[in-house]
Amino acid sequence: MNTDPNPLSPSISIVPTDPGHAVSLCEAVGEVARERRWLAAVEAFTEGETQLFVQLNRAAGVPQFVALCGPKVVGWCDIVRLYPYPGYEHNGRLGMGLLAPWRGQGLGRGLLDQALSGALAAGFRRVELEVYASNTAALALYQRCGFVVEGVKRAMRVLDGRVDDVVLMARAITDGPPEVLSNTVVLRESSAWKVTL
Ligand SMILES: CC(C)(COP(=O)(O)OP(=O)(O)OC[C@H]1O[C@@H](n2cnc3c(N)ncnc32)[C@H](O)[C@@H]1OP(=O)(O)O)[C@@H](O)C(=O)NCCC(=O)NCCS
């Protein structure tokens, strides 16, 4: 199997997720979750849960993509419909991640661009996400792609001796380019708040 970690290599492809990817996707999400840094989950979902997730997203026609190196899923990005309430149908929730060797080489941007390009057709007009304030790479990527900070859940996670804020971000989905704004003031304010354990 080709394990070339260079996403610019022709061995990497970004394709819509289908049920045949579920087992490898489950392994990839588990590997990132077990890093205990970037995702709220710290364990893998089951293969059955992952299979159902992929199938429901396909049935709903929402964007979901995987980055493949050969048959192996090395990254994912999806925008799901989270809120089951009338009037909330235009809201999507974004989730993504890459296995560690494939980070910092443009693959995250590639996955995010693909997912966002499918968001309008799927009926989304607003996409939101949650990211830990310590996740500088993800914050940089999201800001570059037009997401703005809507709020901060201060000291939302306390894990392995680390206290982390959860940053709430969102962007509008239109058929034009997004307006890219700076949010440094909000992020600075959030770091002034502390919890006592
Ligand atoms: C967050 C993540 C998806 C970003 O993907 P990536 O492939 O590493 O990022 P990219 O190489 O595509 O970089 C995207 C942009 O962010 C910038 N960036 C990446 N890492 C950065 C860092 N540590 N500091 C500042 N900017 C950074 C890049 O310069 C690039 O900007 P550009 O398009 O203007 O050049 C990836 O690092 C990852 O999977 N991390 C672990 C899981 C995770 O955090 N998931 C998201 C949870 S909310």
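Going by the structure above, here's the rest.
Residues numbered from 1 in each chain as written. Predicted model: local features only at pLDDT ≥ 70, side-chain atom pairs only at ≥ 80, totals over all residues. Heavy atoms only, no water.

Caption draft 1: Focus on the side chain of D164. Along the polypeptide, D164 turns up in strand 7 (residues 162-172). Residues contacting D164, with those up to four places away along its chain left out, are Y132, A133, S134, A155, M156 and R157. (Helix = DSSP H or I, 4+ residues; strand = E, 2+ residues; numbered from the N terminus. Contact = heavy atoms within 4.5 Å.)

Caption draft 2: Structural context of the pairing of strand 5 (residues 126-132). By the criterion of burial, strand 5 is predominantly enclosed, with 5 of the 7 residues buried. Across 3 bridges, strand 4 (residues 91-98) lies against strand 5 in parallel orientation. Looking across to strand 5, one finds that G92 is bridged to V127. Chirality of the crossover, the property in question, places the unit of strand 4, helix 3 (residues 107-117) and strand 5 among those that are right-handed. Looking at chain direction, strand 5 and strand 7 are connected through 7 bridges and run antiparallel. Paired with E130 across the strands is L168, a residue of strand 7. (Buried < 20%, exposed > 50% of the residue type's maximum accessible area, 1.4 Å probe, protein only. Pairing = 2+ DSSP bridges. Right-handed = clockwise from strand over helix to strand, strands pointing away.)

Caption draft 3: Quick look at the sheet that holds strand 6 (residues 148-159). Taken together, the 7 strands give an open sheet; going across it, the order is 1-2-3-4-5-7-6, and neighbouring strands pair in mixed fashion. What marks the edges here is a single partner per strand, and that holds for strand 1 (12-16) and strand 6. Geometrically, the sheet is characterised by an average inter-axis angle of 20° between neighbouring strands, direction not taken into account. By the bridge criterion, 8 bridges tie strand 6 to strand 7 in an arrangement that is antiparallel. The partner of K153 across the bridge, within strand 7, is V166. Packing of helix 1 (residues 22-33) onto the sheet brings it into contact with strand 2 (64-69), strand 3 (72-80) and strand 4, and relative to strand 3 it is tilted by some 85°. Contacting strand 1, strand 2, strand 3, strand 4 and strand 7, helix 3 runs over the sheet at an angle of about 40° to strand 3. (Axes fitted to C-alpha atoms, helices over the stretch in contact; angles between N-to-C directions.)

Caption draft 4: Seen up close, the site of the ligand. Close to the ligand lie 21 residues; L98, G104, G106, N135 and R144 are nearest. Separating an oxygen atom of the ligand from a backbone N or O atom of Q105 is a distance of 3.1 Å. The separation between an oxygen atom of the ligand and a polar main-chain atom of G108 is 2.8 Å. Within the complex, 74% of the 930 Å² of free accessible area of the ligand lies under protein. Of all elements in the fold, only strand 4, helix 3, strand 5 and helix 4 (136-144) reach the threshold of two or more residues within the shell around the ligand. No other element matches the 6 residues that helix 4 contributes to the shell around the ligand. (Near = heavy atom within 4 Å. Polar contact = N/O pair within 3.5 Å; in protein donor to acceptor, adjacent residues only side chain to side chain. Areas by Shrake-Rupley, 256 points an atom, 1.4 Å probe, with all protein chains shown as cover.)

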